[in-house]
Amino acid sequence: MWFGTQNGLNRYDGYNFKIYKSDIDNPNTSLTSNFVRALAVDKPTGKLWIGTNNGGISLFNPETETFENYRHDPKDHLSLPHDMVRSIFIDHSDTVWVGTGNGLARYDRKDKRFQQVSIPVTLTPSSPLVIRSIVEDKNKTLWIGTTYGVFKRTINSETFEKHSLLSSTSSQDISTLFVDNESQHLWIGTISDGIIRLNLSENTTTRFAHDESDPFSLSHNAVLDIIQIDNNEIWVGTSRGLNIYSPEDNNTFIRYLPDPADNKSLSSSNIETLLQDEAGVVWVGSWTDGLNKTDPYSTLFKTINPDNKRGNPGLAEDLNGNVWFATHNGLYWLSSDNKVSEGLYHHPDTVQAKVRNEIIGVSASKIEPVIWLGTRRGLSRYRVGEQWIEPVALDGYLVYSVFEANDGTVWAGTYNNGLFQLDRNTFKEIRRIPSSLVPDIYQDDNGVIWAGSTNGLYRIEGDSPIQIFRHQETTQNSLSHNTVTWISKDSKSNYWIGTQGGGINKMTFPDDDYTSPDFTHYSIKDGFDSEAIGSIIEDKSGTFWVSTTSGISRFNPESMDVDNFSDSEGANKGGYYVGSGILSSNGNIYFGGPHGLTEFDPNQVQLNQYKPSTRIVSFRLFNQPMTISANDDSSPLTKPIYLTETLNLSSKDSVISFEFSSSHYSAPKNNRYAYMLDGFDHQWNHVSSNRRFATYTNLSPGQYTLKVKGTNKDGIWGEPTELTLVINPQWWQTKTFILMVVVSCILIMLTIYRWRVQWLRQQSINLRKMVKEQTEELRIVNRRLEKTSKRDFLTKLSNRRDFIDLASKEFFRYKRHGNPFCIILFDIDYFKKVNDEYGHDAGDQALIEISKITKTIFRSEDIIARWGGEEFIILLPETPYQGGLVAAEKIRAKVESLDFYYQETKIPLNITVGVSVVSECESLKACIVKADEALYEGKSKGRNCVV
């Protein structure tokens, strides 16, 4: 994506911007001006035309990343008419038309000059001819919008003429032109008179203007840009908001304005430019407040929010198909035609009416028009049609859930005061079951009452003993978590249990044994993005919809497919309440959450099927970003990596990295990636958007093919992009040299062999004995030498050389697998004083004693060495930074508490310790240096500490 701003040209890859600016040191090959007003892709060459506000035109070559500049020259009639370029358009014949602040020009590709085009207009001294917009219709007629009206040039004409129908109107100051997809209308945006829509076949006009009394009129008459997106909606940017026009909605405009309370609203009301990319994402550029984007196909869920401060915790559908939903400030209902009622409340004279209006649980009666309500101060009832809600029972109790059973009794779950069964008329207590918080109550088709609590799942069948199912640590198929938030039964007679922290449970009863259910668990490992479940709803097709604290998930238990939807698709950003979900009679699903009521038709929730392309956007050599190198060998790139088809490297280039990006910009963080290096990898490597890079080290000479591919935000994969990678050998790695070495070795070996055979025949008996003795002696000596070369003579620990060898292997393993390790470096405080006062023998004994302590503290897989003098170093594999600090403190404390005596004299010993972690360093050496710096920081802080 390319964006022109007041501060340069910007290239965007979905994650990062690269900015191209004017460079005073390279005026001929850089952008002429940082204020970019117009952009157009030159299809014949792949270059980019850039119109600036006061620097003429720059033609950008992506392969060289240089600019070819064209400016106005008063002495040259074949230059631009003016340095302010407002519009650039390339017509059907690839002719480049440029609208400037003083007329129109046409580019001559052969001579690379501009021809000024005459426009039939009488200019006034104070008003130059500014060409703001250029378009072409399906008849190949060219239209230009100017400060003097609209002009056209037909395909058979060489001249422009003013459009007669528009010349008599007052709307002569044209800001933008747009031809719709069917080329039936020319949409003309004006600076102050709204929009004129010209019917190109009938030659009639329709005007759209702002009307203060009509909220569905254009939001402002200053129209700055017009586009049509692929669902045929017309989007209009004005100086006061964005407007969306749909002819199917009675020719009305829907307005979108900035809302400081909504971080997903527009950043500015001054909408300067609009664009829809190939994936359907609409980009909205403002004049002073940056760039906005929206994906029209991502809004899959509708939010209804009458009480946007407190949310909607309870839901129910009545016998008439009306959806009732609770808020913490009254009761509302949604009619079958999606109209939200006014709020319903307790009478103001009711004791603590405000507290009672904080409604949590809702249940609709099956036998009469009554809605049962659980409030923060008891059970209430609303008789449909009456003015007020009335309190009826459990005064003073917080009623979290409420349910009307088949026998007409009312069940109420409270906050830590038990589960109640009440008579629906007298509200006398029939039964009270001790319980903690009860978030959900359900009755199955067998009449069994199920209650979810924070202490397990209750099964209540008549007068039979109550069964409680809880999580058992030693039983794999027990309930996954004791806090039960949802209970329901599906069309296949399976029970579904939601929990607060244990995900979903499918409950079945083998052999109809209701005393011993089996629980099958579904959690994050199965693809869900949260294990805090609000509701589980089965739609009419058998698909399950799950509300969580993160959003909404679609789940197919048969295929185990899980699709997660977040706020980027319209789900509530704050997630959803427990037990707040219903399937309505019309097939729609409703979930209640802290930010409102979400409604959707399950059949309309479809994944985005756009298959994105994937580009390699960055190349690094030895972790250094490479740019184009035209005149030297500082970089192997001769063009940007995203345009490179074959990359030639030397085998000396032993660490190479590639970064890539998908072309779906709707929610880049949700895109996933895979890469594979043919000739090296045997399968695809899958990574998330925050690890969208591939690194390879020490590749053997040869030719490889790097393949990368990405998904859109919904997981749809695009086709792979390929880069040919050639690793050229050093001279000593060439086949010719290797063949010569092999032949030479063979000849030498044959010669030696012949001589050796003759000698052996003469000395066979003595030589066998001597070889045996010498071989054994040599083996012993080698073992001693090897051990001596790797061990410190005094402490018997690894020496510096052995540590470097072992640590280098651990660093290589970290680079391959990403497992971090820590470096601990410490030395003995005031060790010189020990040597000076007690002698070097005492110092040596202290070093030996500390080495023994170190070996007892650290693990067998930790690498411990004497680094030099009184310094010791330890590498802790697979240890994060906090783990390293803990280990360092342990050795520091152990040494501090050591009773060290030399010749019956106690010598106090302390150490200062520095710790570093490799994930914050670029190399092993840097990691050691960082630990050393930390050690010296500890010294400066007073010694005997860990830094």
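Residues numbered from 1 in each chain as written. Predicted model: local features only at pLDDT ≥ 70, side-chain atom pairs only at ≥ 80, totals over all residues. Heavy atoms only, no water.

- In the annotation of an unreviewed UniProt entry, the entry for the protein chain reads diguanylate cyclase, and the organism field reads Kangiella marina.
- As recorded by UniProt, the Catalytic activity (unreviewed entry) comment attached to the protein chain reads in full: "2 GTP = 3',3'-c-di-GMP + 2 diphosphate". (UniProt positions renumbered as here; feature names shortened; annotations may be inferred.)

1. Concerning the overall build of the protein chain
For step 1, the next point in the chain: Assigned secondary structure in the protein chain consists of eight helices and 69 strands.
For step 2, the next point in the chain: Expressed as a percentage of its 947 residues, the buried residues of the protein chain come to 50%.
For step 3, the next point in the chain: Counted over contacts in the protein chain with a minimum sequence separation of 6, partners at least 24 positions apart contribute 51%.
For step 4, the next point in the chain: For the protein chain, the accessible surface area stands at approximately 46700 Å², while carbon and sulfur atoms represent 48% of it.
For step 5, the next point in the chain: Computed over 97 positive and 115 negative side-chain charges, the inter-centroid distance for the protein chain is 8 Å. (Helix = DSSP H or I, 4+ residues; strand = E, 2+ residues; numbered from the N terminus. Buried < 20%, exposed > 50% of the residue type's maximum accessible area, 1.4 Å probe, protein only. Contact = heavy atoms within 4.5 Å. Areas by Shrake-Rupley, 256 points an atom, 1.4 Å probe, with all protein chains shown as cover. Lys, Arg positive; Asp, Glu negative; His and termini not counted. Charge placed at Lys NZ, Arg CZ, Asp CG, Glu CD.)

2. Some words on the UniProt feature "domain: GGDEF" (unreviewed entry) in the protein chain
For step 1, the next point in the chain: Residues annotated by UniProt as "domain: GGDEF" (unreviewed entry) correspond here to residues 819-947.
For step 2, the next point in the chain: Secondary structure across residues 819-947 comprises 46% helix and 23% strand; the distance between its end C-alpha atoms is 22 Å.

3. Digging into the sheet that holds strand E25 (residues 282-286)
For step 1, the next point in the chain: Sheet architecture is open: three strands sit in the order E24-E25-E26, paired in antiparallel fashion. Each having just a single partner strand, strand E24 (271-276) and strand E26 (291-294) make up the two edges of the open sheet. The mean angle between the axes of side-by-side strands here comes to 20°, regardless of whether they run parallel or antiparallel.
For step 2, the next point in the chain: The pairing of E25 with E26 spans four bridges and is classified as antiparallel. The partner of Trp283 across the bridge, within E26, is Lys293. (Pairing = 2+ DSSP bridges. Axes fitted to C-alpha atoms, helices over the stretch in contact; angles between N-to-C directions.)

4. Some details on the packing of aromatic side chains
For step 1, the next point in the chain: Counting across every chain of the model gives 56 aromatic pairs.
For step 2, the next point in the chain: Between Trp187 and Phe208, the ring centres sit 5.9 Å apart and the planes meet at 10°, which makes this aromatic pair stacked. Here Trp187, found in strand E17 (residues 185-190), pairs with Phe208, found in strand E19 (residues 204-208); they are 21 residues apart in sequence, far enough to count as distant.
For step 3, the next point in the chain: Grouping aromatic residues by their ring pairs yields a cluster made of Phe301, Trp545, Phe565, Tyr576, Phe591 and Phe600. (Phe/Tyr/Trp six-rings, centres within 6.5 Å; stacked < 30°, edge-to-face > 60°.)

5. Looking at the sheet that holds strand E54 (residues 596-600)
For step 1, the next point in the chain: One open sheet holds the four strands; their spatial order is E27-E54-E53-E52, and the pairing between them is antiparallel. The two strands at the open ends of the sheet, each matched to only one other strand, are strand E27 (302-304) and strand E52 (581-583). Each neighbouring strand pair of the sheet contributes to a mean axis angle of 20°, computed without reference to strand direction.
For step 2, the next point in the chain: For strand E53 (residues 589-593) and E54, the ladder comprises five bridges, and the chain directions are antiparallel. Its bridge partner being in E54, Tyr590 is matched across the sheet by Glu599.

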